[in-house]
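# Structural description and commentary
Now for the letters of each chain:
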Amino acid sequence: MVIEDNDNLTITEKNGQVFLFTKKDGFSLKKFEEYIRKYPRFKITSFTALKKALSAKSTEPQEIGNWLDLIEIDISADYMQVLLTINESPTYIQENIIEVQTHIHKLLEEHNIKFGKKTLDILSLKTGKPFIIAQGKPPQKGENALVSYLEQAEKKPVINEDGKADYFDMNFIKEIEEGSWLGEKVPAKEGIDGINVYGEYVPASPGDDVQLKYDAKSAYEIEEDGKIVLRSKTKGVIGEVNGVLSVLKHLIVDGDVGIETGNLKFDGSIQVKGTVMAGYSVIASGDISIEGKEGVNSAELIKSAEGDVFIKGGIFGRGITKVEAHNNIYIKHANECTLQAKEQVHIGFYALGATIFAHEIILDDRKGKIIGGKAVAVNSITTAFSGNSMERKTELVVQGIDRKILTENAKTLAEKMVKLQEEATKLNYQIYQLGELKDNMTTQQNGIYEKTKQKYNLLQQDVKETDREIQRILKLLRSNVEYYVNVTKEANPGTIIQIGNKSSLLTTITKGKFKLENGELNV
C-alpha cells in the first residue's frame, strides 16, 4: 500500500511495516514530521534508519516504522478491563463512523468480550488515547474475622474531681465466675464473586481469619449465635501471661498474712484484704494486691513473677522489706524499703530512705517527695520535691541505655533461643514417638513419657520468657526517648542528679527538668 508518493519521496506499507524511498538528497527531518502528523497510524520505530534514509537519495526502500491497526484492543492480565485505541484522526473517524463502529463490534466479538461493555461516544475519542470499552466486576474479598476480649482491669490510680491521683482506690483485679464471657470472634465472611470481561466468574477470597488467643487450660471456645464465644473454665481473675489471655487462679486472704497463714507462694494472683505481717512473705506468679489501710510493716518479700504489685497503704520497711514486680508497683508511700520493677514504680505521697529501681519512677508532681535513699531509673524520674531542708543525701539517677551492651545481650539471647528451640524440637519428637506406644507402655516407660512432657513444657516456658526479653530489648533499642529527672517544685541541697555518667550535687534550692544538653548536665 502506498501511503504517500510525491517528487521528494515515497512512503509505503507492507505487512504492517513502513518503508521510505527518497528521490532527492538532503530531505530535512523537520519537514518529514509533517507526514508523521498527517498519518496518525504511522509510528517511527527507528530514527537512525529514518535519518540515514533522508540524508541521501535512496537506492532501495528503508524500513523506518510500523503501520498501526485502525483500532487496537488491549486486555488486562486479569481479564478485568479492555482498552480500545483508535489510531486515526478525528476527521477520519467522523467521515467513516459506520466503518469504525462495525470494526469495534467485530473486534469485541473476535476477542470474545461478553461482559461489562460500555457505551462509546466515538466522536469524543482522541487519537491514540486508550479508552475503557469493557470493565469486569472484580471479586470482593470477604470481611475479616473480628475478635474482641473482655477488658482487663485498668491498673492506674483513679483521678478525683480535683485532678489528684487517689492511690487508695484502684480497680486492680477483675474477678470472673466460671462460664464468664471472655471474648468472641465473629467469623470471617465469604467474599462476593466477580465476573471478568469474558463473562467468566472469578472466585472471591474469604476474609482473613483471626485466632482467639487464650490459655486453653483456663478458657474454651463455644459457638453461640453464629459467633465463636470464649468462656472461662474456672473462677478466677482475668489476666495475661506471655501475651495470651488467661484466667488466673485467685487466692483471697480475708485477713492478714502472718502466723495463721504462714508465708504464701501461689501460682496465680493473691488478694490480701489485710496486711502482710513483719517477717512474712507473699510470692505469686500473677498480680498481688494488699488492701489493708495500715499498709505493710517490716514484711520480708512481696514478689510478683509475672504481674503487678499494689499496696494500698504503703510500706514501713525498716530496711527489711523488698517488693519486686515483673511489671509495675503501685504504692501509697515507701519508707526504708527496696522497690524493684521492670516497668514503672508509682508512689502516691513519698519515698523516705528507700532504694528504688525501675524503668520509670513516678511520684505526684504536686506533692510527691523523694527524701534520702536512691532512685535509679532507666528512662525518667518525676517528683515534686527531692531531699529536705536538712540537706539529706538523695540520689536521683537516670541511667539511659547502653546500646552496645543491649545489642550484645539480644545477640546472646537469640543464640540461646536457637538452642532452646532445637532442644524443644527433639523433645517434641520423643514425645510423639513415645505417644505412639502409650497403650503398651510399662510403668517405667510411662514415667519417662510424663517426665519428657514435663521437661518439654518447662522448656516452652523458657522459650516464651527468652523471646519476651528479646522483644523488650529490641523495643528499647528502637525507642528514641528523652532521659531526664524532673523535680517540679523544689530540689534541695544534698540532692545528687545523675544522667548517664554525668552527675551534679546540688548546693542551692532549685527545680526543673534536668537532662543532658550538648553532652553536659543542665543543672
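Provided above is the structure to which this section pertains.
Below or above, wherever it landed, is the structure these notes cover.

Calculation criteria
- Residues numbered from 1 in each chain as written.
- Predicted model: local features only at pLDDT ≥ 70, side-chain atom pairs only at ≥ 80, totals over all residues.
- Heavy atoms only, no water.
- Salt bridge = Lys/Arg side-chain N within 4 Å of Asp/Glu carboxyl O.
- Helix = DSSP H or I, 4+ residues; strand = E, 2+ residues; numbered from the N terminus.
- Buried < 20%, exposed > 50% of the residue type's maximum accessible area, 1.4 Å probe, protein only.
- Phe/Tyr/Trp six-rings, centres within 6.5 Å; stacked < 30°, edge-to-face > 60°.
- Lys NZ or Arg CZ within 6 Å of the ring centre and 35° of its normal.
- Core = buried A, V, L, I, M, F, W, Y, C linked by side-chain atoms within 4.5 Å.
- Contact = heavy atoms within 4.5 Å.
- Polar contact = N/O pair within 3.5 Å; in protein donor to acceptor, adjacent residues only side chain to side chain.
- Pairing = 2+ DSSP bridges.
- Axes fitted to C-alpha atoms, helices over the stretch in contact; angles between N-to-C directions.

### Considerations on the pattern of salt bridges
This model, assessed by the stated rule, comprises 20 salt bridges. Notably, a salt bridge pairs Lys227 with Glu184, separated by 3.2 Å at the nearest N-O pair. In this pair, Lys227 is assigned in strand β17 (residues 227-232) and Glu184 in strand β13 (residues 181-186), connecting sequence segments 43 residues apart. Residue classification places Lys227 among the partly exposed residues on the basis of a relative accessible area of 31%. We classify Glu184 as buried; its relative accessible area is 16%. Residue Lys453 is joined to Glu450 by a salt bridge in which the shortest nitrogen-to-oxygen separation is 3.7 Å. One end of the pair, Lys453, and the other, Glu450, are both in helix α6 (residues 443-478), three residues apart, so they sit about a helical turn from each other. For Glu450, a relative accessible area of 36% translates into the label partly exposed. Each of Lys303, Lys322 and Glu324 takes part in one network of salt bridges that share partners.

### Details of the packing of aromatic side chains
Working definition: an aromatic ring pair is given by the centre-to-centre distance plus the angle between the planes. Under the criterion given, the structure shown has four aromatic pairs. With a centroid separation of 6.4 Å and 55° between ring planes, the pair formed by Tyr39 and Trp67 is classed as tilted. Of this pair, Tyr39 sits in the loop between α1 (29-38) and β4 (42-44) while Trp67 sits in strand β5 (residues 62-67), and the two are 28 residues apart along the sequence. Across the pair, Trp67 and Tyr39 agree in class, each one buried. Here a set of aromatic residues connected by ring pairs shows up, and it is made of Phe32, Tyr35 and Phe42. Its end group placed over the ring of Phe385, Lys369 keeps NZ or CZ at 5.7 Å from the ring centre.

### Quick look at unusual backbone geometry
Residue Asn15 is not a glycine yet carries a positive backbone phi of 55°. Its place among the elements puts Asn15 in the loop between β2 (9-14) and β3 (17-22). The phi angle at Arg318 is positive, at roughly 55°, despite the residue not being glycine.

### Let's talk about the nonpolar core
Counting 46 residues, the largest nonpolar core has Ile302, Ile311, Ile329, Leu339, Ile347, Ile381 and Val485 as its most contacted members. Among the elements that take part in this core, strand β33 (residues 355-363) stands out by supplying four residues, more than any other.

### Some remarks on the environment of Ser386
With respect to the secondary-structure elements, Ser386 resides in strand β35 (residues 374-386). Between the C-alpha atoms of Ser386 and Asn328, which are 58 residues apart in sequence, the distance is 22 Å. Ignoring sequence-local partners within four residues, the contact set of Ser386 consists of Ile370, Leu396, Val487, Glu490, Ala491, Asn492 and Thr495. A distance of 3.1 Å separates the side chain of Ser386 from the side chain of Thr495, its partner in a polar contact.

### Considering the sheet that holds strand β6 (residues 71-75)
Taken together, three strands build an open sheet; the order of strands is β6-β7-β8 and the sheet is antiparallel. Of all strands in the sheet, those bounded by a partner on one side alone are β6 and β8 (131-135). Taken over all neighbouring pairs, the strand axes of this sheet differ in orientation by 25° on average, direction set aside. Bridging between strand β7 (residues 81-86) and β8 involves four bridges; their strand directions are antiparallel. Among the inter-strand pairings, Gln81 is bridged to a residue of β8, identified as Gln135. Its contacts with the sheet put helix α4 (residues 97-110) on β6, β7 and β8, and the angle it makes with β6 is roughly 30°.

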